[in-house]
Amino acid sequence: MPSGGIENHIIEFCKNMFPHFEIDLLVANFKMELHEETLKKNCSRVFFIKPVNPLKRRIILMKTLLNLSVKRYDVLYTNGNGASVFLAAKMLRYKKWVLHHHMEARRDFFQALNPKYKKSMLLAHRVIACSNINATNLNRELKRPVDAVYCFSRDVSNNKKLRKNINSSNILNFGYYGRLIPAKGIDLICRLSEDPDCRNISFHLWGTGNEYPASFFNKYPNLYFHGAFSNGEELNKIVSLLDAFLLFTTHAEGLPISLMEIMSAGIPWISANKGGIADIACDPVSTKIIDIKDYAVIKQTVLQLASDIKNGRIPGDKQQAFYKQHFSREVLIDKWKSVFAS
């Protein structure tokens, strides 16, 4: 996709691992034009199959895999949950196959996966989930060992906004950035923005999505739509504005990269309990997991968080310490080197 959690992980993965490994990167349906040069810079070779009709794309993929099969790789590292993962593993030559699963693994979701992808999870030498919760669920479904290694994320700790002397007249900025799809809880943020009880909070959105054109938000005077963002510099500006992050998701989350980035800056967040999100709820005051089926609970939690922020009760340092211990690039480089070398 043009952007997203898996996409950000791949970009950061190549940046951080390329000094330690030679990387040939193959993307079977490439839409990341804004990041194309960055990926080329951080890989030995890239093979990007641009969007065309499905039959033509499959033919190009087959030819690419045949050309690459002359080389025997030390490791085949696969992402995504499509049938092309199985095809690549059948056609390429490698000593070890590591399959990295980025989405939730509840039974109903697992049963709906592509059959070839489920077969891939049984055949790979190692299956890695993106969180401990998802690893436990996959282990139950696959009946085989599954380890957990977190995805790479961008550390924006140097851009934390320190809000001091906040009084009752200050307006707080709560928001979300990422894909604008209904499953990310955009409608709930819109509803909060027009709730009279939330008048001391301004709500902000960054991202793109066909279901939410810019004109959609015109009817919400207390909601500010900022459009798309595409790089780390723009992410820093977002982080510098936000006092809290909202993720009312019903999506099949693995472990949202956005939450990890927000944690690196010590910014409090509220989220639904999806995928591995409970893995990173390290403080009951600043990292809140709630039932998003009840609007009254959502509103009360948002208002309580606003009160805690204004009264200086948010221990941002706990989140930052947790991030450094579990998600920092140094920690993850060592973990991934161990996975590939073992």
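An account of the accompanying structure is given in this report. (Residues numbered from 1 in each chain as written. Predicted model: local features only at pLDDT ≥ 70, side-chain atom pairs only at ≥ 80, totals over all residues. Heavy atoms only, no water.)

### Looking at unusual backbone geometry
Move 1: Located in the positive-phi region is K143, a residue other than glycine, with phi close to 55°.
Move 2: Assignment of secondary structure puts K143 in the loop between α7 (132-142) and β6 (147-148).
Move 3: Look at K143 and you get exposed, because its relative accessible area is 72%. (Helix = DSSP H or I, 4+ residues; strand = E, 2+ residues; numbered from the N terminus. Buried < 20%, exposed > 50% of the residue type's maximum accessible area, 1.4 Å probe, protein only.)

### Remarks on the side chain of N173
Move 1: Here N173 lies in strand β7 (residues 172-177).
Move 2: Judged by relative accessible area, N173 falls into the buried class, the value being 10%.
Move 3: A distance of 3.4 Å separates the side chain of N173 from the backbone oxygen of L241, its partner in a polar contact. (Polar contact = N/O pair within 3.5 Å; in protein donor to acceptor, adjacent residues only side chain to side chain.)

### Things to note about the sheet that holds strand β4 (residues 93-101)
Move 1: Read from one edge of the open sheet, four strands run β3-β4-β5-β6, paired in parallel fashion. The sheet terminates laterally at β3 (72-78) and β6, the two strands that pair on one side only.
Move 2: Sheet topology places β4 next to strand β5 (residues 126-129); four bridges connect them, and they run parallel. Bridging from a neighbouring strand, H101 pairs with A129 of β5.
Move 3: Packed onto the sheet, helix α6 (residues 115-123) meets β4 and β5 and runs at close to 115° relative to β4. (Pairing = 2+ DSSP bridges. Contact = heavy atoms within 4.5 Å. Axes fitted to C-alpha atoms, helices over the stretch in contact; angles between N-to-C directions.)

### Description of helix α11 (residues 295-310)
For an α-helix the count is 3.6 residues per turn, leaving residues at separations of three or four pointing the same way.
Move 1: Taking 1.5 Å per residue, 16 residues should reach 22 Å; α11 reaches 23 Å between its end C-alpha atoms and fits that length.
Move 2: Of all the positions in α11, only Y295, I298, K299, T301, V302, L305, A306, D308, I309 and K310 are classed as buried.
Move 3: On its buried face, α11 sits against β7, α8 (186-193), β8 (201-206), β10 (244-247), β11 (269-272) and β12 (287-290).
Move 4: Between a side-chain oxygen at the N-terminus of α11 and the backbone nitrogen of A296 the separation is 3.0 Å; the capping residue is D294.
Move 5: Just past α11, the residue G312 takes up positive phi, approximately 70°. (Expected span 1.5 Å × (residues − 1).)

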